[in-house]
Amino acid sequence: MSSSTIPNSFDDVTDFVVNRGNGITGLVDSGIQKVPERYILPPQQRFDLTKVVSQDSILIIDVSNWDDPEVIKSICEASGKWGFFQIINHGIPLQVLENITDAAHSFFGLPNEQRSKYYKGASPSETVFLATSFSPQAEVALEWRDYLSFQYIPGNDQASALWPPVCKDEVLEYMKKAEIVIKNLLQVLLQGLNVKDFDRDTQHTLMGSPRIYLNYYPKCPNPELTAGVGPHSDISTITVLLQDDIGGLYVRGIEDDTWIHVPPIKGALVINIGDVLQIISNDKYKSIEHRVVANKIKNRVSVPIFVNPAPDAVFGPLPESGEIPIYKQLVFSDYFNFYFSKPHDGKKTIDYARI
């Protein structure tokens, strides 16, 4: 694409990136030399590196023995204090982790016309779609991110038949391995809430509709002006995140208006509590705000698994807590639709669930 055809105006960028399905990846591939206006945050919303607390870090937990009382205690305490922790020795081979990050680079390295075939609304399958930013129609500034989203349906090979060949096998392999880790994590977290049964109904409510994203953050000419992902909490039960070696994830600190960098650790998975689990635990576990910064040096990928309830699942504070509920009972699809109807806005979504 010649410099004369690179979209520059607010409307042209929106049309090229969103309406025509090229995403930020297509815009970067077109040869832009500076961040377009459509991606520039108001000054007060930009990331302030002076707010980073370098001496704090989230806990790293060795989960080689899930039944170890100290492991259970560490996971539950980290979920209540930080809402984030990293796990090592989780049982997923390093090669599987490397394969999925390589597959993400492979997909986003395809030509625009091959990627855009999967764009939301045009994808050949309801279980996979490509999208950009978060909620483009509602956002003042778009986020510097594209993502390929997969709905994982265990045991249903037909559901994945039309997934992109360049990454299909790697996604399935990773999800099958990660499913074991997810079940172990949820069982531990439920123990901390005095829930003993992890039966089919409980699994439907907590992990009935998992989604895996291949996130792609192309290198950015002016990263200080924009956001990879704006401040938000996840609406999932839990999120399991695989980072590459570049980094860029920051978690809200315990002190007001501070941020903590979550450093990449080879072979580790970052775990964070989502709104659903905060609601179910009646605030014993915390869903914490986090954000991703853009970078100027390398194309970054990350692979989150959003462990979501089934759309029809009803959730609310568990009676086992023995405390007065501060949240109402909700249908997950209602909470999900509300979340995606607006831009990222920190922790405000959970107010929708309060009594």
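The residue numbering used here restarts from 1 in each chain and proceeds along that chain's sequence as written. Predicted model: local features are reported for residues with pLDDT of at least 70 only, side-chain atom pairs are reported and counted for 80 or more only, and whole-chain, interface and lining totals are derived from all residues. Hydrogens and water molecules were not included; the side-chain quantities draw on all heavy atoms of the structure.

### Overview of the packing of aromatic side chains
Geometry of aromatic contacts follows a simple scheme: Phe, Tyr and Trp rings, the Trp one being its six-membered ring, pair when their centres are within 6.5 Å, and the pair is stacked under 30 degrees between planes, edge-to-face over 60, tilted otherwise. Summed over all chains, the structure comprises 19 aromatic pairs. Where F47 meets Y250, the ring centres are 4.7 Å apart and the plane angle is 55°; that geometry is what we call tilted. Of this pair, F47 sits in the loop between α2 (23–29) and β1 (60–62) while Y250 sits in strand β8 (residues 249–252), placing them 203 residues apart in sequence. Any residue under 20% of the maximum accessible area for its type is buried, any over 50% is exposed, and the rest in between are partly exposed; the area is computed with a 1.4 Å probe on protein chains only. By relative accessible area, which is 19% here, F47 ends up buried. Between F107 and Y118 the ring centres are 6.1 Å apart and the planes differ by 65°, which places this aromatic pair in the edge-to-face class. Note that F107 is positioned in helix α4 (residues 94–108) and Y118 in the loop between α5 (112–115) and β3 (128–132), a separation of eleven residues in sequence. Accessibility expressed as a relative area gives 0% for F107, which makes it buried. Residue Y118 is classed as buried on the basis of its relative accessible area, which comes to 10%. Every member of this aromatic cluster is reached through a ring pair, and the members are F134, F315, F332, Y335, F336, F338, Y339, F340 and Y352. If you follow R291 out to its NZ or CZ, it ends over the ring of W259, 4.9 Å from the centre. One Lys or Arg, K328, reaches over the ring of Y352 and ends 5.3 Å from the middle of that ring. For helices the rule is a DSSP run of H or I covering at least 4 residues; for strands it is a run of E covering at least 2, with both sets numbered from the N terminus onward. In our convention, an over-ring charge means Lys NZ or Arg CZ found within 6 Å of a ring centre and within 35 degrees of that ring's normal.

### Side note on helix α7 (residues 200–207)
Within α7 the residues assigned to the buried category are T202, L206 and M207. The buried side chains of α7 occupy one side of the element, clustering within an arc of 90° when seen end-on. Projecting away from the buried face of α7 at angles above 90 degrees are the exposed residues R200 and D201. Buried-residue contacts for α7 involve α6 (168–191), α8 (275–280) and β12 (300–307). What the arc describes is the spread of directions from the helix axis to the C-beta atoms. Here, residues are in contact when the closest pair of their heavy atoms is within 4.5 Å.

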